[in-house]
Amino acid sequence: MKTIKILSACGTGVATSTVASETCKRLLAERGFPSVEVTECKAIEVIGKAEVINPDVIIHTAEIPTDQLQDYKTFRVLEFITGFGAENVADQIAEYLRSKE
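Notes on the structure follow. (Residues numbered from 1 in each chain as written. Predicted model: local features only at pLDDT ≥ 70, side-chain atom pairs only at ≥ 80, totals over all residues. Heavy atoms only, no water.)

## Let's talk about the environment of Ile 81
And step 1. Position of Ile 81 relative to the elements: it lies in helix H3 (residues 79-82).
And step 2. On the basis of relative accessibility, which here comes to 35%, the residue Ile 81 falls in the partly exposed class.
And step 3. Taking C-alpha positions, Ile 81 is 21 Å from Ile 4, a pair spaced 77 residues apart along the chain. (Helix = DSSP H or I, 4+ residues; strand = E, 2+ residues; numbered from the N terminus. Buried < 20%, exposed > 50% of the residue type's maximum accessible area, 1.4 Å probe, protein only.)

## Details of the pattern of salt bridges
And step 1. Under the criterion given, the structure shown has seven salt bridges.
And step 2. One salt bridge in this structure joins Lys 2 and Asp 56, with 2.8 Å as the shortest N-O distance. Of the two residues, Lys 2 is situated in the segment before strand S1 (4-10) and Asp 56 in the loop between helix H2 (46-53) and strand S3 (57-60); the sequence distance between them amounts to 54 residues.
And step 3. A cluster of three or more residues bridged by salt bridges with shared partners is formed by Arg 26, Glu 30, Arg 31, Glu 87 and Asp 91. (Salt bridge = Lys/Arg side-chain N within 4 Å of Asp/Glu carboxyl O.)

## Observations regarding the nonpolar core
And step 1. Judged by nonpolar contacts, the single largest core of 19 residues is most densely connected at Ile 6, Leu 28, Ile 59, Val 77, Phe 80 and Ile 93.
And step 2. With six residues, the top contributor of residues to this core is helix H4 (residues 86-99).
And step 3. If we ignore the near neighbours within four places in the chain, the residues touching Leu 28 are Ile 6, Phe 33, Val 36, Ala 90, Ile 93, Ala 94 and Leu 97.
And step 4. Core analysis: the second largest hydrophobic core is formed by 12 residues, Ala 9, Cys 41, Leu 69 and Tyr 72 among them. (Core = buried A, V, L, I, M, F, W, Y, C linked by side-chain atoms within 4.5 Å. Contact = heavy atoms within 4.5 Å.)

## Topic: the side chain of Ser 8
And step 1. Looking at the secondary structure, you find Ser 8 in strand S1.
And step 2. A relative accessible area of 1% places Ser 8 in the buried class.
And step 3. Beyond its immediate stretch of four places on either side in the chain, Ser 8 contacts Ser 17, Ala 20, Ser 21, Val 38, Thr 39, Glu 40, Cys 41 and Ile 59.

## Concerning the pairing of strand S2 (residues 36-42)
And step 1. Sheet analysis places S1 next to S2, joined by seven bridges and oriented parallel. Directly across from Leu 7, in S2, lies its bridge partner Thr 39.
And step 2. Each parallel crossover has a hand, and the one from S1 via helix H1 (residues 15-30) to S2 is right-handed. (Pairing = 2+ DSSP bridges. Right-handed = clockwise from strand over helix to strand, strands pointing away.)

## Observations regarding the sheet that holds S2
And step 1. One open sheet accounts for four strands, arranged S2-S1-S3-S4; its pairing is parallel. Either end of the sheet is taken by a strand with one partner, and the two such strands are S2 and strand S4 (74-76). Across this sheet, the average inter-strand angle for adjacent strands is 25°, counted without regard to direction.
And step 2. As judged from the four bridges shared by S1 and S3, these two strands associate in the parallel manner. By the bridge assignment for S3, Ala 9 is matched with His 60.
And step 3. Along the sheet, H2 makes contact with S1, S2 and S3, crossing S1 at roughly 170°. (Axes fitted to C-alpha atoms, helices over the stretch in contact; angles between N-to-C directions.)

Spelled out as structure tokens, the structure:
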């Protein structure tokens, strides 16, 4: 199975993107995606980072310019921070990734 590339963006590129990244990796592993590589960034860096790493998915906890990221599938993942609804969002991400296999 290929390594899934995820770009994780938050306001500062530090705390919440790290929590979201770790939660996403764990939940995707539980859904059959054991190889996940996450790059974290600030919300203002997301366009440039996406162009460089070409992620399979972009997850974000802060507002990002989704209108400028139409070539990428994005998921707002506040649930990965709060814990409420995280399983549902992980299911949606896994379903999307399976559709691209």
